[in-house]
Each structure stands twice: as C-alpha cells, then as structure tokens.
Amino acid sequence: MTEIKDLIATHIQNIPYSGIRKFFDVANEIEGVISLGVGEPDFETPWAIRERGIYTLEKCRTVYTSNAGLLELREEISRYLKRKNNLDYNPKGQVLVTVGASEGIDLALRAVINPGDEVLIPEPSYVSYKPCIIMAGGIPIVITTKVENEFRLTAEEILEKLTDKTKALILPYPNNPTGAIMEKKDLEKIADVLKDRDIVIISDEIYSELTYGGIKHTSIAEIDSMYNKTIVLNGFSKSYAMTGWRLGYAAGPKELIAAMTKIHQYIIMCAPTISQYSAIEALRCCDDDVSKMRKEYDARRRVMLNGFRKMGLECFEALGAFYLFPCIKSTGLSSDEFCERLLYEAKVAVVPGTALGECGEGFIRCSYAYSIEAIQKALQKIEAFIKKYRKE
Amino acid sequence: MKKDIIEILEKDSRKTAAEIAVMLGKSEQEVAVAIAEMEADNIICGYTTLINWEKIYKDGGFVTALIEVKVTPQRDLGFDKIAERIYNFDKVKSVYLMSGAYDLTVIMEGKNLLEISKFISAKLSTLDSVLSTATHFVLKKYKEHGIILNAENKNDERMIVSP
Ligand SMILES: Cc1ncc(COP(=O)(O)O)c(C=O)c1O
C-alpha cells in the first residue's frame with residue numbers, strides 16, 4: 001500500500017508551506033513576545049459596520065446571495081471605485097464579490113492561465129501569488145524589484161522577463177512587504193510596454209486606502225490603454241479593519257469577471273452574506289473611519305522609520321500599506337538568522353524578508369499595525385539587539 | 001499642522017513636542033511653537049487627566065449631578081453674566097448654554113446628594129436671574145471624552161505572525 005502522503009497530488013506536495021507559517025510556529029511557542037509580525041490592522045472594525053452585522057443577524061438575513069454578491073453591495077463598490085479612482089464599472093456584470101482578495105487572486109489566475117502560461121510577479125511580495133499560479137497550472141516568473149527604486153516596478157524589468165508565453169502580470173501595490181507604491185507616472189511607464197501585448201494585469205489593490213505623504217493611490221485601470229486588460233482586486237480587510245469578515249471584490253472587463261464568476265459559482269457559491277450586508281455600511285458611512293486609521297498609521301510609520309534610522313538601519317521611506325522594510329545587512333546576519341535570534345534573544349517577532357521572496361534576503365518586514373507604545377518598546381529591544389551584534 | 005497636533009494631544013496630552021514632531025514629520029521647534037501659540041490663544045485650555053472616580057470612592061462619597069437651569073437673560077449681557085456667576089464656583093465642573101426647554105446645563109461634583117442639594121438651594125436657586133432648577137444625579141458613567149471608562153483590557157486576538 002502507498003502511504004497516505006503519497007496520495008497527495010505531486011504539484012501540491014511540491015509547494016512549500018509559507019515561510020511565514022513556519023516562523024509563526026516558532027514564534028507561537030515563546031512566551032511574552034512583542035510582535036511586529038502581523039499583516040492585519042490592530043483597529044477594531046468600526047462600530048457602524050459591526051452594528052449592521054448584528055442587525056443582519058437579528059433580521060435573519062442568513063441565506064445565500066446571488067453568486068456575484070448582493071446587487072446593493074456591488075452598486076456601492078461601483079460607486080466607491082468611481083469616487084476613489086474615477087473608474088467606471090457596471091455593477092451588473094463588471095463587479096464580483098469574493099471571499100477576501102485572496103479568493104480574487106485565485107479566481108483571476110485560474111480564469112486566465114492555460115497550462116504552461118507564464119505569470120510575472122514582482123517580488124518581494126505577498127505569499128500567495130506564487131502557489132496560486134502553480135495551482136492554476138501556470139509558471140511564476142519572478143521580477144526582482146530593487147531598493148534603489150524603492151521597490152517600484154520598472155518598465156525595463158518587465159521587458160527583461162516578457163516572452164510569448166507571458167499571460168499575466170500581478171501588480172501588487174501598495175506592496176506587502178515593502179510598503180512600496182506605484183504613482184501615476186510609474187504606472188504610465190509600465191503601461192507603455194504592456195499596451196500592445198495580450199496580457200492581463202491582476203492589480204492587487206488591497207492596501208489602496210493606505211498611502212501616505214499626500215499621495216493618493218492610483219489604479220493602473222485608470223490608464224485608458226490598461227482598463228480593458230486589468231482586473232482590480234480589492235477588499236475590506238485592510239482599509240476597514242475587517243480581516244475576519246472575509247470579504248473582497250474584483251472589478252474588470254465583463255468577460256473576465258464572467259469567467260471568474262463561473263469559477264466562484266462552483267467553488268464558493270457566494271461570499272458570506274452577513275459580511276456583505278455589513279460591507280454596504282462600510283462603503284456608505286465609513287470614509288471618516290478610514291481616514292482616521294490612515295492618519296494614525298501615518299504617525300506610526302514616521303515613528304518607526306525614525307527609530308530604524310536612529311539605530312543605524314537603512315530603511316527607505318515606504319509610502320504605502322503598513323509595513324517598513326529595513327535592510328539588516330549591516331548586522332552581518334541573514335534575514336532568517338536575524339529574525340530567529342531577535343525572537344529568541346530579544347523576544348521580538350518580525351518577518352524575514354525571505355518569507356516574501358528570495359530577493360527579500362537582507363531585509364525584514366516590520367508591521368506598524370500596533371500602538372505607538374508597542375512600536376517604541378519593540379524598537380528599543382531591536383536597538384539593543386543590533387548593538388550587540390555590531391560589537392561582536 | 002495645528003489641527004494635527006491637537007488631535008494627538010486630545011488623545012494623549014502627555015505626548016511631548018519631540019514625540020509629536022516625529023509623528024507628524026515636523027521639527028520639534030515648529031511643534032513647540034505651535035503648541036505655545038495654541039495655549040496663548042486658548043485653543044489648548046489645559047491638560048487634565050481623565051479619572052474614573054468611582055474606583056476611588058467605591059463606597060460612595062462622590063456624586064456627579066447635571067442641573068437644568070432656567071434663567072432670565074439680562075439686558076445687554078444675555079446669558080454670559082449669569083453663566084459667569086455660576087461657573088466661578090469651584091464645585092461646578094461644566095456650564096453650557098443650551099437650546100431648547102431650558103437655558104443652562106450645569107454639571108457639578110460633590111461628596112454626596114446633600115452637599116449638592118445644599119449648594120443648589122443656597123447658591124444657585126437664590127441667584128436673581130435663576131427661575132428654576134431640575135437636578136439629575138448620575139448613577140453610572142460609561143463613557144467620557146470619547147473614552148470608555150470601564151473598558152475591558154482587550155487581548156490582542158491576532159496571531160503573532162501573519163502574512
Ligand atoms: C497584498 C495582499 N493581498 C491580499 C491579501 C489577502 O487579503 P484578504 O483578507 O482580502 O483575503 C493580503 C493579506 O495579507 C495582502 O497582504
């Protein structure tokens with residue numbers, strides 16, 4: 001008899017567990033850890049949204065919705081994208097409500113990948129793109145973004161990796177883990193090299209509300225030549241502090257959204273109904289809550305950046321998401337060593353850059369989704385830790 | 001910038017100019033000057049601590065009352081003069097001019113109901129312009145200045161590390 005584990009599909013066996021998962025298992029064993037390791041907001045979901053959730057339960061609105069999601073919610077999403085990015089999407093046919101942006105990533109990839117198609121992913125970036133491409137039968141082609149460019153993606157870097165097999169580009173900005181953003185001028189340059197290609201751009205804009213320094217998020221879909229090639233993915237997790245509600249959405253050309261809806265219909269049926277009703281409230285009434293959170297993140301970002309620079313860690317000024325990505329090469333440690341020792345010796349958890357792409361070597365991801373007091377405490381410990389290693 | 005500074009101070013008045021400067025990406029000097037100006041302009045009127053007195057006076061000995069006061073406004077002076085006569089008493093914590101059924105809301109603190117009643121009958125009701133008062137005692141304070149007083153200490157429910 002074969003062992004059970006050998007019954008697992010080979011391509012699934014071959015996919016490694018995420019580096020973050022492994023690190024979590026270690027960190028979770030240690031008592032009294034201060035963490036800068038999370039990828040989710042520390043804020044509570046605004047009360048108006050939670051209250052709507054309670055009301056939804058009271059009214060027993062607990063049945064399936066249409067596959068694409070409540071029309072009322074799709075209409076609000078459509079209005080939101082118009083208001084924020086001046087994008088026009090018809091709520092009937094161009095918007096799909098998903099189980100987080102996570103599902104959107106999977107659907108978009110499955111909808112466009114034929115076996116052997118190549119998909120470009122700028123790295124360092126979020127952990128799930130690569131496995132999702134592989135599971136969809138595609139080949140991930142990594143583009144290494146560089147700290148000299150503040151981890152923005154350049155047209156030259158895309159050109160280097162473009163082939164006849166390139167089917168899609170994942171555009172993950174504002175970026176997890178680097179905090180990099182792409183401004184209009186950066187997007188226009190990459191649009192120039194993509195506009196005459198048959199390529200789909202999967203734009204993961206989950207951090208779109210979190211940009212700083214007076215720069216508003218631009219979606220690549222705002223560029224005329226890109227609108228018809230782009231699937232915009234977004235959600236409620238980060239902007240409204242709703243990670244556990246599992247709700248996101250995709251917007252794009254109707255043919256692509258229809259294909260994604262077909263997959264969604266068979267594997268998910270519909271996104272959670274209570275979350276959908278609550279999200280209507282979020283889009284209607286919570287702009288102020290979002291700006292308050294943004295302001296608070298911005299202050300923390302400055303405190304953390306200032307702290308790293310003061311202790312002599314090079315760190316570019318990230319203008320998006322809620323991460324800083326300082327370089328730790330000056331300690332002589334690899335990212336993994338740094339994070340493991342920091343955890344055991346200083347009891348501070350941060351994420352090794354390598355968990356988010358091999359090119360993250362030499363960097364660590366530090367989240368500022370924590371109170372300023374917690375950040376300051378962690379910074380003090382990191383500083384003491386670094387001093388020790390510099391001397392040795 | 002001034003608005004950003006007071007938003008921070010409103011939440012935590014112990015933040016120093018140096019800390020605020022880092023949070024806002026300004027120089028300490030700029031922030032210190034702005035704070036001094038706002039103090040001079042009575043925009044920042046004081047720095048206090050929000051105290052949950054119920055925890056100190058567990059067995060009583062501390063009450064808060066809200067008093068609705070109807071008054072006759074005075075010629076040329078309106079309500080300001082009478083408000084001043086009232087707010088100058090130490091025990092009076094807040095005085096607001098209201099629209100609607102009555103004119104002034106007076107919030108005061110005292111050791112017990114008797115002390116407050118005495119104050120009202122002796123000092124408040126006897127003022128010439130005061131027509132009537134209605135006193136309400138506070139039984140429990142839930143939230144003050146945007147802060148929930150008996151908030152449970154919430155644990156961070158998040159996993160230590162997540163993608
Ligand atoms: C870049 C990025 N995309 C997508 C997600 C998943 O978000 P959701 O909760 O909407 O599935 C995350 C969460 O960490 C993320 O960082």
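Computed from a prediction, not measured in an experiment: that's the story for all the values here.

So what's going on with the overall build of chain B? Which residues, and what values?
When helices and strands are tallied, chain B shows six helices and six strands. The helix and strand sequence of chain B, counted from the amino end, reads α-α-α-α-β-α-β-β-α-β-β-β. Taking 15 Å as the expected radius of gyration for a compact globule of 163 residues, we find that chain B reaches 21 Å, considerably beyond that expectation. Along the longest, intermediate and shortest principal axes, the C-alpha atoms of chain B span 65 × 40 × 25 Å. Across chain B, contacts joining residues at least 24 apart in sequence account for 60% of those joining residues at least 6 apart. Total accessible area on chain B stands at roughly 11100 Å², and carbon and sulfur atoms take up 51% of it. Counting 22 positive and 25 negative side-chain charges, chain B places the averaged centre of each group 5 Å from the other.

Explain the layout of surface pockets residue by residue, including any values.
Where empty space is left becomes clear once a probe the size of a water molecule has been rolled over the atoms. Residues and elements named next belong to chain A. Roughly 960 Å³ of internal volume is contained in the second largest pocket. Considering the residues around the second largest pocket, the lining is formed by 34 residues, among which Pro-16, Tyr-17, Ser-18, Gly-19 and Val-127 are closest to the centre. Of all the secondary structure elements, the ones that give two or more residues to the lining of the second largest pocket are helix 1 (10-13), helix 2 (19-27), helix 5 (100-112), strand 3 (118-123), helix 6 (129-135) and helix 13 (335-346). Here the lining of the second largest pocket takes six residues from helix 6, the largest share from any one element. A per-class count over the lining of the second largest pocket returns 18 nonpolar, nine polar and seven charged. Both domains that furnish three or more residues to the lining of the second largest pocket are identified here as domain 1 (4-45 + 288-389) and domain 2 (47-285).

Tell me about the domain arrangement of chain B, residues and numbers included.
Domain annotation for chain B reports domain 1 (2-40) and domain 2 (62-140). When each unit is reduced to the centre of its C-alpha atoms, the spacing between domain 1 of chain B and domain 2 of chain B is 35 Å.

If you had to explain the pattern of salt bridges to someone new, which residues and values would you point to?
All names here are of chain A. Summed over the entire model, instances satisfying the criterion amount to 39 salt bridges over all chains. Between Arg-50 and Glu-44 there is a salt bridge whose closest N-O contact spans 3.4 Å. For Arg-300, the salt bridge goes to Glu-296, with nearest N and O atoms at 3.5 Å. Of this pair, Arg-300 and Glu-296 are both found in helix 12 (residues 287-310), four residues apart, which corresponds to roughly one turn of the helix. Glu-296 matches Arg-300 in its accessibility class, with the two residues each being buried. Salt bridges linked by common partners bring Glu-150, Arg-152, Glu-183, Lys-185 and Asp-186 together as one network.

Describe the site of the ligand, and please don't skip the residues or the numbers.
The environment of the ligand is formed by 14 residues, the closest being Ala101(A), Ser102(A), Asp204(A), Ser237(A) and Lys238(A). Bordering the ligand are residues originating from chains A and B. One nitrogen or oxygen atom from the side chain of Arg246(A) is found 2.8 Å from an oxygen atom belonging to the ligand. Within the complex, 95% of the 400 Å² of free accessible area of the ligand lies under protein. For the shell around the ligand, the element with the most residues is helix 5 of chain A, which contributes three residues.

How would you summarise helix 3 (residues 47-58) of chain A if you had to cite specific residues and measurements?
Residue and element names in this part refer to chain A. Between the first and last C-alpha of helix 3 there are 16 Å, a value that for 12 residues agrees with the 16 Å anticipated at 1.5 Å per step. Along helix 3, the residues that are buried comprise Ile-49, Arg-52, Gly-53 and Thr-56. Projection of helix 3 onto a plane perpendicular to its axis shows the buried side chains occupying an angular sector of 105°, all on one side. Exposed and facing more than 90 degrees away from the buried side of helix 3 are Trp-47 and Glu-58. Contacts made by the buried residues of helix 3 are with helix 11 (273-285).

I'd love a proper account of a negative patch on the surface, names of residues and values included.
All names here are of chain A. Taken together, the side chains of Asp-336, Glu-337, Glu-340 and Glu-361 make up a negatively charged region of the molecular surface. Here Asp-336 shows up in helix 13. Taking the relative accessible area as the measure of exposure, Asp-336 reaches 42% and is therefore partly exposed.

Residue-level account of the environment of Asn306(A), with values.
With respect to the element layout, Asn306(A) can be found in helix 12. Here the alpha-carbon distance between Asn306(A) and Gly179(A), two residues 127 residues apart in the chain, equals 16 Å.

Before we move on, can you summarise the domain arrangement of chain A with the specific residues and values?
Residues and elements named next belong to chain A. Taken domain by domain, chain A holds domain 1 (4-45 + 288-389) and domain 2 (47-285). One C-alpha centre belongs to domain 1, the other to domain 2, and the line joining them spans 24 Å. Across the boundary between the two partners, domain 1 contributes 36 residues, which contact 40 residues of domain 2. Surface buried jointly by domain 1 and domain 2 totals about 3100 Å² across both partners, of which 66% is contributed by carbon and sulfur atoms. Considering only the side of domain 1, the residues that lose the most area to domain 2 are Thr-45, Phe-316 and Leu-319, jointly responsible for 25% of the buried surface there. Counting across the domain 1 and domain 2 interface gives two salt bridges. Arg-294 is the salt-bridge partner of Glu-209, the closest N and O atoms lying 2.8 Å from each other. For the interface between domain 1 and domain 2, the tally reads 16 residue pairs in polar contact (both at pLDDT 80 or more). Every element with two or more residues in the side of domain 1 that touches domain 2 is listed here: helix 1, helix 12 and strand 9 (323-324).

Tell me about the sheet that holds strand 1 (residues 63-71) of chain B, and name the residues and values.
All names here are of chain B. Pairing is antiparallel in the open sheet, where four strands are placed in the order 2-3-1-4. Each of the sheet's edge strands pairs with one partner strand only, and the pair in question is strand 2 (92-97) and strand 4 (130-137). When strand polarity is set aside, the average angle formed by the axes of neighbouring strands in this sheet is 20°. By the bridge criterion, five bridges tie strand 2 to strand 3 (residues 104-110) in an arrangement that is antiparallel. Bridging from a neighbouring strand, Ser-94 pairs with Ile-107 of strand 3. Packing against the sheet, helix 5 (residues 80-87) makes contact with strand 1, strand 2, strand 3 and strand 4, and its axis sits at approximately 165° to strand 2.

Break down the sheet that holds strand 5 (residues 166-171) of chain A for me, with residues and values.
All names here are of chain A. Strands sit in the order 2-8-7-6-5-3-4 across an open sheet of seven strands; the sheet is mixed. With one partner strand each, in any of the chains shown, strand 2 (95-98) and strand 4 (139-144) form the two edges of the open sheet. Averaged over neighbouring strand pairs, the angle between their axes works out to 20° when direction is ignored. The sheet contact formed by strand 3 and strand 4 spans six bridges and is parallel. The partner of Ile-121 across the bridge, within strand 4, is Val-142. Contacting strand 2, strand 6 (200-204), strand 7 (230-235) and strand 8 (248-251), helix 10 (residues 254-267) runs over the sheet at an angle of about 30° to strand 2.

Reading the values: rules and limits
Residues numbered from 1 in each chain as written. Chains lettered and ligands numbered in written order. Predicted model: local features only at pLDDT ≥ 70, side-chain atom pairs only at ≥ 80, totals over all residues. Heavy atoms only, no water. Helix = DSSP H or I, 4+ residues; strand = E, 2+ residues; numbered from the N terminus. Rg over C-alpha atoms; globule rule 2.2 N^0.38 Å. Contact = heavy atoms within 4.5 Å. Areas by Shrake-Rupley, 256 points an atom, 1.4 Å probe, with all protein chains shown as cover. Lys, Arg positive; Asp, Glu negative; His and termini not counted. Charge placed at Lys NZ, Arg CZ, Asp CG, Glu CD. 1 Å grid on protein atoms, 1.4 Å probe; cavity = no way out; pocket = protein on both sides within 12 Å on 5 of 7 lines; lining within 4 Å. Points joined across faces, edges and corners; volume = space filled by probe spheres on them. Nonpolar A, V, L, I, M, F, W, Y, C, P; charged D, E, K, R; others polar. Domains from an automatic or database assignment. Salt bridge = Lys/Arg side-chain N within 4 Å of Asp/Glu carboxyl O. Buried < 20%, exposed > 50% of the residue type's maximum accessible area, 1.4 Å probe, protein only. Near = heavy atom within 4 Å. Polar contact = N/O pair within 3.5 Å; in protein donor to acceptor, adjacent residues only side chain to side chain. Expected span 1.5 Å × (residues − 1). Arc of directions from axis to C-beta. Patch = residues over 30% accessible without salt bridge, like charges linked within 9 Å, V, L, I, M, F, W, Y side chains within 5 Å. Buried area = accessible area lost by both parts, 1.4 Å probe. Pairing = 2+ DSSP bridges. Axes fitted to C-alpha atoms, helices over the stretch in contact; angles between N-to-C directions.

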